[in-house]
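Take a look at the letters that make up each chain.
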Amino acid sequence: MIADSLTQLVLPGRVKRGPRSRADVEPPAVAHVNIRSLRSVEAAAHPALEVLSIGLWEGEPFSLEPVVNLPRLRTLRAEPGTLAEPLEISRLTGLEFLELCPKDWRVLLDADAVPRSLLAASINVRNDVGPLPAVDLSNEILARWDRPLITRTVLEGNLGPLP
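Conventions adopted
- Residues numbered from 1 in each chain as written.
- Predicted model: local features only at pLDDT ≥ 70, side-chain atom pairs only at ≥ 80, totals over all residues.
- Heavy atoms only, no water.
- Helix = DSSP H or I, 4+ residues; strand = E, 2+ residues; numbered from the N terminus.
- Buried < 20%, exposed > 50% of the residue type's maximum accessible area, 1.4 Å probe, protein only.
- Contact = heavy atoms within 4.5 Å.
- Areas by Shrake-Rupley, 256 points an atom, 1.4 Å probe, with all protein chains shown as cover.
- Pairing = 2+ DSSP bridges.
- Axes fitted to C-alpha atoms, helices over the stretch in contact; angles between N-to-C directions.
- Arc of directions from axis to C-beta.
- Left-handed = near helix turned anticlockwise from the far one by under 90°.
- Nonpolar A, V, L, I, M, F, W, Y, C, P; charged D, E, K, R; others polar.
- Right-handed = clockwise from strand over helix to strand, strands pointing away.
- Core = buried A, V, L, I, M, F, W, Y, C linked by side-chain atoms within 4.5 Å.

Student: So what about the overall build of the chain? Which residues, and what values?
Tutor: Regarding its fold elements, the chain presents 5 helices and 5 strands. For the chain, the succession of helices and strands along the chain, N to C, is α-α-β-α-β-β-β-α-β-α. Taken across its 163 residues, the chain has 31% of its residues classed as buried. Restricting the contact set of the chain to residue pairs at least 6 apart, pairs at least 24 apart contribute 28%. For the chain, the accessible surface area stands at approximately 11,000 Å², while carbon and sulfur atoms represent 55% of it.

What follows is the structure in structure tokens.
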């Protein structure tokens, strides 16, 4: 069940709605661009946008140009192969969270173009990428913010015959 508020969820049908509020007519702060939702970054772009999620897509990759100057954009999540030019991310100066695939992270890191405004990051790793390259990439990102690195521990030994 979906409701506009906790009260409506708990007491369905008992909350009377008055005239439409400003919140009802403003575009959402979260936009999903993918094969089942919005079909372009342009359609998602508006001044109140805070979160842009670019999901599974079968067409040409997207440019981030339409969202470059949006004042409230804080989060970008992009599936592998959905960005035409990952370096456009460096122009999103208010980003606080960024989730990308290892290939797109590599482009940003190699160009020294990771937004300094980031407070958190995520590496979208698929089954075709092993954990050790993801740890190396994570450590590169952590090092840019002088954060503690992920420690590797190698255990060696002989388990002997199993029962």
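Text resumes after the structure shown.
Student: Hey, could you go over the sheet that holds strand 4 (residues 97-100) for me, with residue numbers and the actual values?
Tutor: Pairing is parallel across the open sheet formed by 5 strands, whose spatial order is 1-2-3-4-5. Edge positions in the sheet fall to strand 1 (30-33) and strand 5 (120-123), since each has one partner strand and no second. The sheet shows a mean angle of 5° between the axes of neighbouring strands, direction not considered.

Student: Give a detailed account of helix 4 (residues 102-110), specifying residues and quantitative values.
Tutor: Listing the buried residues of helix 4 in full gives Pro-102, Asp-104, Trp-105, Leu-108 and Leu-109. Summarising the axial view, the buried residues of helix 4 lie within an arc of 160°, below the 170-degree limit, and thus occupy one face. Seen from the buried face of helix 4, the exposed residues on the opposite side, beyond 90 degrees, are Lys-103 and Asp-110. Elements that come into contact with the buried residues of helix 4 comprise strand 4, strand 5 and helix 5 (131-144). The first or second residue beyond helix 4 is Asp-112, which carries a positive phi of 50°.

Student: I'd like a description of the packing of helix 4 against helix 5, backed by residues and values.
Tutor: It is the contact of helix 4 with helix 5, at a shortest axis distance of 11 Å, that shows an interaxial angle of 40°. At the point where helix 4 passes helix 5, the crossing takes the left-handed sense. The segment helix 4 lies against helix 5, with Pro-102, Trp-105, Arg-106 and Leu-109 engaging Leu-137, Glu-140, Ile-141 and Arg-144. Taken together, the residues of the contact of helix 4 with helix 5 break down into 5 nonpolar, no polar and 3 charged.

Student: For the pairing of strand 5, give the residues involved together with the corresponding values.
Tutor: Inspection of the sheet shows strand 4 paired to strand 5 by 4 bridges, in the parallel sense. Residue pairing in the sheet places Leu-100 in a bridge with Ile-123 of strand 5. Between strand 4 and its parallel partner strand 5, the chain crosses via helix 4, and the hand of that crossover is right-handed.

Student: Describe the nonpolar core, with residues and values.
Tutor: Membership of the largest hydrophobic core comes to 30 residues, with the highest contact counts inside it found for Leu-52, Ile-54 and Trp-105. Contributions of two or more residues to this core are made by strand 1, helix 3 (41-44), strand 2 (51-54), strand 3 (75-78), strand 4, helix 4 and helix 5. With 3 residues, helix 4 is the largest single contributor of residues to this core. Beyond its immediate chain neighbours, meaning those up to four positions away, Leu-52 contacts Ala-31, Val-33, Val-41, Ala-44, Leu-64, Val-67, Leu-73, Thr-75, Leu-76 and Arg-77.

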